[in-house]
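# Chains, contacts and geometry: an overview
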Amino acid sequence: MYGTAEDVHLRIDTSKPHTARVWNYWLGGRDNYEVDRETGDQIRALHPGIGEYARADRRFLREAVTYLAREAGIRQFLDIGTGLPTADNTHEVAQRVAPESRVVYVDNDPIVLVHAQALLTGTGKGSTHYLDCDLRDVGAILERAAETLDFGEPVGLILLGVVIFIEDDEEAHGIVRQLLDALPSGSHLVLSHTISSPGMPDVDDAVAFWNANGTPKLTQRTPEQIERYFDGLELLEPGVVSCSRWQPGSSLGVPDVAMFGGVGRKP
């Protein structure tokens, strides 16, 4: 499913900082290299709140998946662009609520593949699988995920901080729409995205620095552009907001971070 360990290691480039490893560094993980830590520190100098930005996105995942499993009764999850394993991965959150939950992770990052075995553990009642696929290859993702998930039943589609790597707006929107079109009524989209905001100029500086030095390059979008991904869905309260403030039915009075997210239900 992943290729040999030697093949995967040959795909890892340690000469350039990589977003998954830098993110891991900001979250306090150990799966990173000196080049990632140096770049992470440089970005943090440009944007001192970047650590909270990463932690807020992780809290959003925990809140959203808990809501889907507990309140919406979702028992299947397709998490694309999962990144490196850390605390409270999707399968851990979902299976705490419903041990029978089935989770398919998708990523094409070789360092994530190296750590895939850490993800392939779950409850005896549920199942956890991992696919080596690119977000753009929607057909392959759906075909292979269908070996684990039943697309006749609602699915929680998780796209956290991954659409940012699709530069073209129409292509990005089309990918999300293709995925949603394959899912039945009652499915939910959980999506987060880096924003561009006049009130957060240091974020723009940090993104510009990253795109000049790191890989893969990312695209910022406005909150209004992010809302477009939820067209045709029933957007849950509080809507598309800072990930630090997302909680069903309320808006917490905490500072915004430059990662916005939302959850929508397919009618």
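What you see is a predicted model, and the numbers here were worked out from it, not measured in a lab. (Residues numbered from 1 in each chain as written. Predicted model: local features only at pLDDT ≥ 70, side-chain atom pairs only at ≥ 80, totals over all residues. Heavy atoms only, no water.)

## Examining the overall build of the protein
Of the regular secondary structure elements, the protein holds 11 helices and 10 strands. The buried share among the 267 residues of the protein stands at 53%. Intrachain contacts of the protein at a sequence separation of at least 6 include 71% that bridge at least 24 residues. Surface summary for the protein: the accessible area is close to 11,400 Å², and the carbon and sulfur share equals 48%. (Helix = DSSP H or I, 4+ residues; strand = E, 2+ residues; numbered from the N terminus. Buried < 20%, exposed > 50% of the residue type's maximum accessible area, 1.4 Å probe, protein only. Contact = heavy atoms within 4.5 Å. Areas by Shrake-Rupley, 256 points an atom, 1.4 Å probe, with all protein chains shown as cover.)

## Concerning helix α9 (residues 169-181)
For an α-helix, the turn length of 3.6 residues means that residues three or four places apart are oriented alike. In a regular helix each residue adds 1.5 Å, so 13 residues correspond to 18 Å; α9 covers 18 Å between its end C-alpha atoms and thus fits that length. Buried residues belonging to α9 abut β1 (76-80), α8 (138-145), β4 (156-160) and β5 (188-194). Taking the backbone nitrogen of Glu170 as reference, a side-chain oxygen 3.1 Å away marks Asp168 as the first, capping residue of α9. (Expected span 1.5 Å × (residues − 1). Polar contact = N/O pair within 3.5 Å; in protein donor to acceptor, adjacent residues only side chain to side chain.)

## Considerations on the packing of aromatic side chains
For any pair of aromatic rings, the description consists of the separation of the ring centres together with the inter-plane angle of the planes. A complete count under the given rule lists 2 aromatic pairs for this structure. Aromatic side chains Phe60 and Trp246 sit 5.5 Å apart centroid to centroid with 75° between the ring planes, which places their arrangement in the edge-to-face category. Here the residue Phe60 occupies a position in helix α4 (residues 50-70), and Trp246 occupies one in strand β8 (residues 246-247), the gap between them amounting to 186 residues. Judged by its relative accessible area of 2%, Trp246 is buried. (Phe/Tyr/Trp six-rings, centres within 6.5 Å; stacked < 30°, edge-to-face > 60°.)

## Side note on the nonpolar core
Formed by 79 residues in total, the largest nonpolar core has its most connected members in Leu78 and Leu159. Broken down by element, the residue count for this core peaks at 10 residues, all from α4. Beyond its immediate chain neighbours, meaning those up to four positions away, Leu78 contacts Val104, Val106, Ile141, Ala145, Leu149, Val155, Gly156, Leu157 and Ile158. (Core = buried A, V, L, I, M, F, W, Y, C linked by side-chain atoms within 4.5 Å.)

## Regarding the pattern of salt bridges
According to the stated counting rule, one finds 12 salt bridges in the structure shown. The closest approach of N and O atoms between Arg96 and Asp88, which form a salt bridge, is 2.9 Å. Overall, Asp88 belongs to the buried group, its relative accessible area being 19%. Where Glu170 meets Arg228, a salt bridge forms, and the shortest distance between an N and an O atom there is 3.1 Å. Linking Glu170 in helix α9 with Arg228 in the loop between α11 (223-227) and β6 (234-235), this pair joins segments that are 58 residues apart in sequence. (Salt bridge = Lys/Arg side-chain N within 4 Å of Asp/Glu carboxyl O.)

## A closer look at α8
Within α8, the full set of buried residues consists of Val138, Ala140, Ile141, Leu142 and Ala145. Looking at the buried residues of α8, the elements they touch are β1, β2 (102-107), β3 (127-132) and α9.

## A look at the side chain of His193
You can see His193 is positioned in strand β5. Relative accessible area serves as the criterion here: at 0%, His193 is assigned to the buried category. Ignoring any residue separated from it by four or fewer positions in sequence, one finds His193 in contact with Val163, Ile164, Thr219, Gln220, Arg221, Ile226, Tyr229, Ala258, Met259 and Phe260.

## A look at unusual backbone geometry
In this model, Glu237 is joined to Pro238 through a cis peptide bond whose omega is 5°. Considering the arrangement of structural elements, one finds Pro238 in the loop between β6 and β7 (241-242).

## Overview of the pairing of β4
Here β4 lies mainly inside the structure; 5 of its 5 residues are buried. Neither face of β4 is left uncovered, since the one carrying Gly156, Ile158 and Leu160 and the one carrying Leu157 and Leu159 both have all their residues buried. As judged from the 3 bridges shared by β1 and β4, these two strands associate in the parallel manner. What sits directly across from Asp79, in β4, is Ile158. As defined by bridge partners, β4 adjoins β5 across 5 bridges and the pair is classed as parallel. (Pairing = 2+ DSSP bridges.)

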